[in-house]
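Fold and geometry: a report
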Amino acid sequence: MFSALGNLQPRQLAAQILNFALVLSTAFMLWKGLSVFTNSSSPIVVVLSGSMEPAFQRGDLLFLWNRGQETQVGEIVVYNVRGKDIPIVHRVIRRFGGGSAPLQLLTKGDNNAADDTELYARGQSYLDRSKDVIGSVVGYVPFVGYVTILLSEYPWLKTAMLGFMALTVVLQRE
C-alpha cells in the first residue's frame, strides 16, 4: 500500500493532499453554515445516555434549532452546564420569567427520578435560556450517532478511521 504512495509523482501527491484538505474544509464550512442557520453552536448532537428513554435512545442523532427563545414546558432542550463541555438532552418541566424578564428553565430527564438541579453549576438553580441552552430538538435520526459514541469510547478507533480516510484519499487514482 505504501509502495503506491512512493510511485506517485510529487504533483500527484500534492493534488491528493489538497483533495483531502478540500474534503475537510468543506465539512467544516457545512458545519459552520448549519450553525449560523440554526443559531446554535452545536446544531447536531448525539444522545450519550439513557436519561431520555423512551423518547430518545443512546446514539440517536438530534437536530437542534435555537431561533425561538420562548421555550415551553414539555419541550426538549439541549444545554451545557457552565464549566463543562458535555451537552445534556432533557425536557423542560418548569419555566420562570419570559417577556421582559430573563427566561429561566428547570429540566429533567424522562428516565430520571429527580430534576436537574444537581447537574447544574454550583449555585445555579435554573438554566438561563439565553446563556445555557444550545437549542431545542426539532428532529432526530435513531442510532446514527452511535458511531460517535464508539469513537469517543475507543480513541484508537478514531485514529485508525482518520488514517484509513487519509490513505484512501491520497492513494485514490483519478
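Residues numbered from 1 in each chain as written. Predicted model: local features only at pLDDT ≥ 70, side-chain atom pairs only at ≥ 80, totals over all residues. Heavy atoms only, no water.

Worth spelling out the cut-off: UniProt positions are given in the numbering used here, feature names are shortened, and annotations may be inferred rather than shown by experiment.
In the nomenclature of an unreviewed UniProt entry, the protein chain is known as Signal peptidase complex catalytic subunit SEC11 of Friedmanniomyces endolithicus. Annotation of the protein chain in UniProt includes, under Subcellular location (unreviewed entry), the sentence "Endoplasmic reticulum membrane". For the record of the protein chain, the UniProt heading Catalytic activity (unreviewed entry) holds the text "Cleavage of hydrophobic, N-terminal signal or leader sequences from secreted and periplasmic proteins."

1. Observations concerning the side chain of Asp-116
Heads up, the condition is: By the criteria applied, helices consist of DSSP H or I runs no shorter than four residues and strands consist of E runs no shorter than two, each listed in order from the N terminus. Type-normalised accessible area, obtained with a 1.4 Å probe on protein chains alone, sets the label of each residue: buried when under 20%, exposed when over 50%, and partly exposed for intermediate values. Charge counting follows a simple rule: Lys and Arg are positive, Asp and Glu are negative, and His as well as the terminal groups are ignored. Salt bridge, as used here: a side-chain nitrogen of Lys or Arg that lies within 4 Å of a carboxyl oxygen of Asp or Glu. Note on contacts: a residue pair qualifies if any of its non-hydrogen atoms lie within 4.5 Å across the two residues.
Of note, Asp-116 is situated in the loop between strand 5 (101–108) and strand 6 (127–128). Buried within the structure, Asp-116 lacks any salt-bridge partner; its nearest side chain of opposite charge belongs to Lys-108, at an N-O separation of 7.8 Å. Residues contacting Asp-116, with those up to four places away along its chain left out, are Tyr-79, His-90, Thr-107, Lys-108 and Gly-109.

2. As for the environment of Gln-12
As a reminder of what qualifies: Two N or O atoms count as a polar contact when they lie within 3.5 Å, although within protein this holds only if one can serve as hydrogen donor and the other as acceptor, and sequence-adjacent residues are included solely when both atoms are side-chain atoms.
You can see Gln-12 is positioned in helix 2 (residues 10–38). Sequence spacing of Gln-12 and Glu-153 is 141 residues, and the spatial spacing of their C-alpha atoms is 36 Å. Within the structure, Gln-12 has its side chain in polar contact with the backbone nitrogen of Gln-9 (distance 3.0 Å).

3. Observations concerning the packing of aromatic side chains
Quick note on the threshold: Any Phe, Tyr or Trp ring, taking Trp's six-membered ring, that has another such ring centre within 6.5 Å forms a pair; planes under 30 degrees apart are called stacked, those over 60 apart edge-to-face, and the others tilted.
Under the criterion given, the structure shown has 4 aromatic pairs. Centre to centre, the rings of Phe-37 and Trp-65 are 5.4 Å apart; their planes meet at 75 degrees, and the pair counts as edge-to-face. A residue pair is termed long-range when its members are at least 10 positions apart, and Phe-37 in helix 2 and Trp-65 in strand 2 (residues 61–65) qualify at 28 residues. For Phe-37, a relative accessible area of 54% puts it in the exposed group. Their ring planes at 75 degrees and their centres at 5.8 Å tell us that Tyr-79 and Tyr-120 sit as a pair that is edge-to-face. Placement of Tyr-79 in strand 3 (residues 76–80) and of Tyr-120 in the loop between strand 5 and strand 6 is noted, with a sequence separation of 41 residues between them. Using a relative accessible area of 6% as the deciding quantity, one classes Tyr-120 as buried.

4. Some remarks on the sheet that holds strand 1 (residues 44–46)
Here is the rule we go by: Any two strands with at least two DSSP-identified bridges between them are counted as paired.
Read from one edge to the other, the open sheet built from 7 strands follows the order 1-2-7-3-4-5-6, with strand pairing classed as antiparallel. What marks the edges here is a single partner per strand, and that holds for strand 1 and strand 6. The sheet contact formed by strand 5 and strand 6 spans 2 bridges and is antiparallel. Among the inter-strand pairings, Gln-104 is bridged to a residue of strand 6, identified as Asp-128.

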